Each structure stands twice: as structure tokens, then as C-alpha cells.
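For reference, the chains in residue letters:
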Amino acid sequence: MTETVQPFEADVSRVLDLVINSLYKERDIFLRELISNASDACDKLRYQSLSQPELLETDPDLKIRILADAALGLLTVTDNGIGMNREDLCENLGTIARSGTARFLEQLSGDKDKDLKLIGQFGVGFYSVFMVADKVVVQTRKAGEDKSWIWASDGRSGYTVQEAPATVPRGTSITLHLKADAKEYLDGWKIRQIVRTYSDHIGIPILLEVREKAGDGKAKAEEPQQINEASAIWTRPKSEISEDQYREFYHHVAHAFDEPFARLHFTAEGVLSYTALLFVPSTRPFDLFDPKRRHGVKLYVRRVFITSDLEALMPRYLRFVSGVVDSEDLQLNVSRETLQHGAVIAKMKKALVRRLLDEIAAKAKASTAASADGEAKPDGEAKTKSYEDWWAEFGSVLKEGLYEDAENREKLLELARFRSTHGAGWTSLADYVARMKEGQDAIYYISGESHTALRTSPQLEQALAKGVEVLLLDDPVDDFWLPEVKDYQGKPFRSLTRGEVDLSAIKAEGEAEKESEPKLDDEALKRLIARLKTALGEEVTDIRSSKRLRDSAVCLVADEHGLDLRLERFLKQHSQIDRLSKRVLEINGQHELIRRMAEMAKDETKGLQFDELARLLLDQARIVEGEPIPDPGAFSRRMSTFLAKGLAA
Ligand SMILES: Nc1ncnc2c1ncn2[C@@H]1O[C@H](COP(=O)(O)OP(=O)(O)OP(=O)(O)O)[C@@H](O)[C@H]1O
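Residues numbered from 1 in each chain as written. Predicted model: local features only at pLDDT ≥ 70, side-chain atom pairs only at ≥ 80, totals over all residues.

A. Structural context of the environment of Glu57. For Glu57, the location among the structural elements is in the loop between α2 (29-51) and β1 (64-69). Separated by 388 residues in the primary sequence, Glu57 and Tyr445 have C-alpha atoms spaced 65 Å apart. (Helix = DSSP H or I, 4+ residues; strand = E, 2+ residues; numbered from the N terminus.)

B. Structural context of the confidence of the model for the protein. The predicted model of the protein has a mean per-residue pLDDT of 88, with 90% of residues at 70 or higher. With pTM at 0.78, the complex prediction returns an ipTM value of 0.97. (pLDDT = per-residue confidence, 0-100.)

C. A look at the sheet that holds strand β22 (residues 554-557). A sheet is described by the order of its strands in space; here three strands give the open sequence β21-β23-β22, paired in mixed fashion. At either end of the open sheet lies a strand with only one pairing partner, and these are β21 (540-545) and β22. Here the strands of the sheet are splayed against their neighbours by 25 degrees on average, with no regard to which way each runs. Sheet topology note: the β21/strand β23 (residues 583-587) ladder contains five bridges and is parallel. Across the sheet, the residue bridging to Ile543 is Leu585, located in β23. (Pairing = 2+ DSSP bridges. Axes fitted to C-alpha atoms, helices over the stretch in contact; angles between N-to-C directions.)

D. Inspection of the sheet that holds strand β15 (residues 417-420) at higher detail. The six strands lie next to each other as β16-β15-β18-β17-β20-β19, forming an open sheet whose pairing is mixed. Strands at the two margins of the open sheet, each flanked by one partner only, are β16 (426-428) and β19 (487-488). Here β15 pairs with strand β18 (residues 470-473) via two bridges, running antiparallel. Across the sheet, Ser420 pairs through a bridge with Leu471, a residue of β18.

E. Quick peek at helix α16 (residues 478-485). Residues of α16 that are buried include every one of Asp478, Asp479 and Trp481, and no others. In a view along the axis of α16, the buried residues occupy a sector of 165 degrees, so they form one face of it. More than 90 degrees from the buried face of α16, the exposed residues found are Pro483 and Glu484. Against the buried residues of α16 lie α11 (400-404), β17 (443-447), β18 and α18 (565-573). In the stretch just after α16, Lys486 is the one whose phi turns positive, near 70 degrees. (Buried ≥ 20, exposed ≤ 12 C-beta atoms within 10 Å, placed from the backbone. Arc of directions from axis to C-beta. Contact = placed C-beta atoms within 7 Å.)

F. Fine view of the pairing of β1. Note: β1 against strand β2 (residues 74-79), six bridges, orientation antiparallel. In the sheet register, Ile66 faces β2, and the bridge partner there is Val77. Here six bridges tie β1 to strand β7 (residues 206-213), and the two strands are oriented parallel to one another. Its bridge partner being in β7, Ile66 is matched across the sheet by Leu208.

G. Highlighting the pairing of strand β4 (residues 148-153). Residue alternation in β4 divides its side chains into a buried set, Trp149, Trp151 and Ser153, and an unburied set, Ser148, Ile150 and Ala152. Relative to β4, strand β3 (residues 133-141) runs antiparallel, the two being bridged by six bridges. Note on β4: the bridge partner recorded for Val137 is Ala152. With antiparallel pairing between neighbouring strands as the criterion, β3 and β4 make up a hairpin whose turn holds six residues, including Gly144 at a positive phi of roughly 90 degrees. Pairing of β4 with strand β5 (residues 159-163), which is carried by five bridges, proceeds in the antiparallel orientation. When the sheet's bridge partners are listed, Ser153 is paired in β5 with Tyr159. What sits between β4 and β5 in their antiparallel hairpin is a turn of five residues, with Gly155 showing a positive phi close to 75 degrees.

H. Here's a closer look at the site of the ligand. Surveying the vicinity of the ligand reveals 16 residues, the closest of which are Asn37, Ala41, Asn92, Gly125 and His255. Where the shell around the ligand is concerned, the elements lending two or more residues are α2 and α3 (86-94). The class makeup of the residues in the shell around the ligand is six nonpolar, eight polar and two charged. (Near = placed C-beta within 6 Å. Nonpolar A, V, L, I, M, F, W, Y, C, P; charged D, E, K, R; others polar.)

I. Region of the structure containing helix α6 (residues 188-198). Every buried residue of α6 is listed here: Ile191, Val195 and Tyr198. Buried residues of α6, seen end-on, are gathered within an arc of 90 degrees and therefore sit on one face of the element. Contacts from the buried residues of α6 go to α2, β1, β7 and α7 (243-254).

In C-alpha cells form, the structure reads like this:
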């Protein structure tokens, strides 16, 4: 019975093209992908058999077999795991199920080197077989089902699925018709070398059988031999695991292909007994902000895989962590529901989070020490990322913990890095506090869309003149944790764009007071403010003399009890609020324009002109703040009128 060829989903075709054309030099990885999938399939079956032992049929010893048949030019990888039915085949091998795929494809630039790096991070899975095979046949039967299926494809036109004429053993068998230039994969030595390099961490036996072509044209068979250690890597002593083995295991569990940034491997004994082998990636996964992102930490109970998406095991803000936690205490047949709310998981989570944060802190410390040394790193270390570079990719996620996890807030604040007016790089809060000026009792910050634009905000003029450091917060998540966190080491966080800010108590050496310049006296200021209030009436909540401005004439700030300016804009953009609230307008009594306006305010014949100027001033403050001006046409007319007057004078 033949079936018509079904086309691959568009994404699959694109990924196939990329894989075949760009990863050519690394084609050994196809075998790693097949073994990785086979091992996952065995894990899934072992778990399901806990509640349905009959699924194991008469074949309970889970294993992976590789058969290299030189006479036929075929390489077959077989597992007796969970298997696939017709729907599984179409869904898993005809589409790309992974949620980040679309974003991954969007990020491809057409620049071969860059794309290669991306593909390396993404992982290519099953489709990598088409680098070495011009035809692939999958025979499979799902555990507990009678029907067997055959899926076949040349990796170009699409695929066919049909029911197999005879029942096949449970599990999946994938046969590659090797291309003429890929016959090296029939060599036992080559296969052993690939398995040693990439798949040595696999916890179930991998058996290899090689059939060579004998002189008489007939096949000469070798007895199948086990070619791996077949012990789960996390159960082995640390001293016996090489860096390469750790890395390959990380690639397997995380479905990632970067260097891990940090690793945690330990066994806890006592009230709770478990082993954890966890990894922190160095490159941000594509789907880090995808709500459907699969959870990265797998739960095992006494070496049996249980689940890979137990939310209770890792907090959301550590969703980039992947690896394995293997418990000795849990019941094997306990339901997911019970696990999710169980005390054992909660306790493990607490300990895991603490140790992970400590490990990241150790990385931060080592990275700072290394950059302070300024020594050239040995070759092996050159690849490791600095903590700051790592933070740039993962900081926004970790900062979610500042409002989600009050218990670890202190640790997270120590880990956090920010842009600030002190240099171009990142700073820690500890370093900020160490640099605070005499008389300074708060950590000043300003938040907005980009730290480069923030550097020239009028609201930080006084602070800059006094040498007071200001954090430049340009990550939207900052607006969410700040209201919760309030202080660091007893020093409150203080926004420069909200409420009244008075820096006069801060003593700063060599402070260049603008003493020489004339200043409006209190009386004149009061009068001007009253006059501005009549002109701008309903448009602002208040008008006051500024203690934060130095060079600019005006700026906007939010009410002490209102939302910070940027948070409000952010909420509006995301339709969480209908409109922005009214602002406070601050004026700089030392600015020439403000002084001239004070003069103008005394002259009643210039009333209309004053009103126009006041509106122009307010619009100017809005523009600097990046806020919309309500009537751009009127703004432009006023501007032209005053410019023309200025030129005529
Ligand atoms: N030997 C197998 N037995 C059972 N299911 C399999 C087997 N091989 C592949 N699959 C199914 O096909 C899916 C797609 O496999 P593929 O290798 O392309 O992606 P993946 O394993 O999900 O992720 P990655 O690309 O990172 O390896 C798997 O998730 C699995 O459901």
C-alpha cells in the first residue's frame, strides 16, 4: 500500500536546507541526535510503565542498538522505548514542534558564519540525519498499541507514512541509507569515537553490531558489543567526569549547544537525599520569554525519569537552568499533582535555588577578580563569558526574582548589575554604595527606554554636577521590582523623576556651584510660578522650582505618590491604563529663559505672549521626556513665531 507524499511544514523545509548546507563539517552530530532521542524515548517508557507495567511487554530491558551494515550501506539505530503512532510521526517528524523555531528562523541573517553559530545553539534534532543519508526509513510501534508504522523521506520532497505490513517490535528503528560520501559511518571505530565524544553520559546500554563486507560478498557479522558505560552521569563521582562529558550531557538535557556558564553537581544527604546536576547556560535560549517554554530541570526518582516540566522544582526566574535532580525519597508512583504541591519538592527547590544563586555569585566574584588581574587568560578559559556579559543576557530574567522571591532578595541584589553614570560599564550595588558621597543617603536612579539616552536627561543635571552617581535603569522589569524592594543595605532607592528631590545636603568636592550666575529670588520665583499656573492651568498637577536641574530650563517629574514616568508609559503602551496622568513641571530659576519669563510676567501687555511661551516650555519638557505632545501643529506654530522674533531682535 503506497501513500501520497505529504509535504513538510514550511519551517521544516527551511531548517532542513540550513542543516544540510551549513553544518556539513559537523555531520557527526547526527548520531548524537539519534541516540539522544532514543534515550529520551526509553526514559518516557520507563516512567509510563510505573503505572502500566504491561507496556514493557516481554522486553523490559531498555537499550539502544546500532547496526552498521557495510554490505547494504545502511546504518540503523533502534530503541525499545515508547515508540510513535501515526499522529506522533506526523507531528514530530513532519513539523517542528519546538516553540522557539519561528523566532530562531527570524534571527537568521543570511551571513553564513553568524547563522552557523545560531544553528549550533539551536540544535537541529532529527533532521540532521539528512546530512549523511539520502533516504531515511523509520519503523515504529508505540508501547501498548498494535499497529506498526513506516515513515520514509528523502529529506527533500516530503514524507510518507503507512501502516507496516507486519508488526514490528515496540519502539523505534531508524534506518539511514547513507550517501556515497558518508560511508565512514559504517566503520565501528568511527561510531565508537562519536559515542565516546557525544553520548557517553547516556544511562542505558548502547550496543554496536558491525557487519562488514566479506571477500565473498557476504556479510561478516560481529557479536553486538556494549560501547558505553551506561551509568547515569550524575551518579558517577565528580573526579571521574571530564569537562567534555559534562558539556555533552548539558547539550543533551538542555537541547542547547553552547558552553555552560556555570555548573552545580552535588549530592545531599540527611533529611532529604538527592543528587543534582544543574547547568546555567551562557547564551540566552531563543524562547526564554515564551510562556510555553519547556522547563529545563528533569526530575528522576532513583534513576527513573519522572517528568521534565514540574514547575514546583525551579522558580520562574531561574527558568534558564537545566539539568537533573534525582531524588531518593520520593515514591516512584506518586502523581504529578502530589509532586507539584509536595513538601519534599518544596524543600529541594529551596536548597537548589540557594545553591544555584551561590554558584552564580561565585562566578561573579571570579569574573571580577579575573578582570582586576588583567592577566591574559589561558586558552581554555578564553571562551568563558565575563559575568557582566552573562548578566546582559540573563539579568532581566533573574531580576524577576526580586519581586517573586523575597527570601532570596538580598542574594539577588548582590548579583544584580546596572548601568550608571559612573563610566560606561556595569556596576554592582555594593560598588555604588562604596562610591556614595558624604551626606548621600539614597541610591539614585532614573529609568527610561535606553541607558544611552538617559545619560542626557535634564533630571540628572544636579546629580551629575555634584558627582552623585545615578543608576540608569533601562530594563522594563526594573519598574516592577523597585516598588517592592525599596532599599539595599538600608539605603532606599530614589527616583530622580518622581517626587521632590533635594541633593543640597550632599557635599561634593570641587562642586562647581553656578554661584556666579544670577538667580531668581524667592519672591520673583513665587510670582512666576503663580503666573505659569494660570497659563498652564489644568495641564499639570503642580509647578515648582527645581533642585535637580542645572543647565536645562524645565523638566517633568511624576508625583511623589504616582507611578514613575516610564512605568506609566510602559503600562499605557501595553493598554494596562488608558492615559498618562498629569505631570509636575519643574523650572530652573537659574536659567536665562526662566529669568526672562519672570520679567515678562510683570508686564501685563505681554500676557498673551507669556501664555504662548509657557505652552512651548511645557511641550519642550514633554519632548525631552519622550512623551507625546498633545497638539504638534500648535507647537510648531509657536516655535516658528518665537524663532522669527529671536532672529529679528
Ligand atoms: N526514537 C524516538 N522514539 C520516540 N520518539 C522520537 C524518537 N525520535 C524522535 N522522536 C520524537 O520526535 C520529536 C522530534 O525530535 P527532534 O530530535 O527533531 O527534536 P527534539 O528531540 O524534540 O529536540 P532537539 O532538536 O533539541 O533534539 C521528539 O521530541 C520525539 O517526540
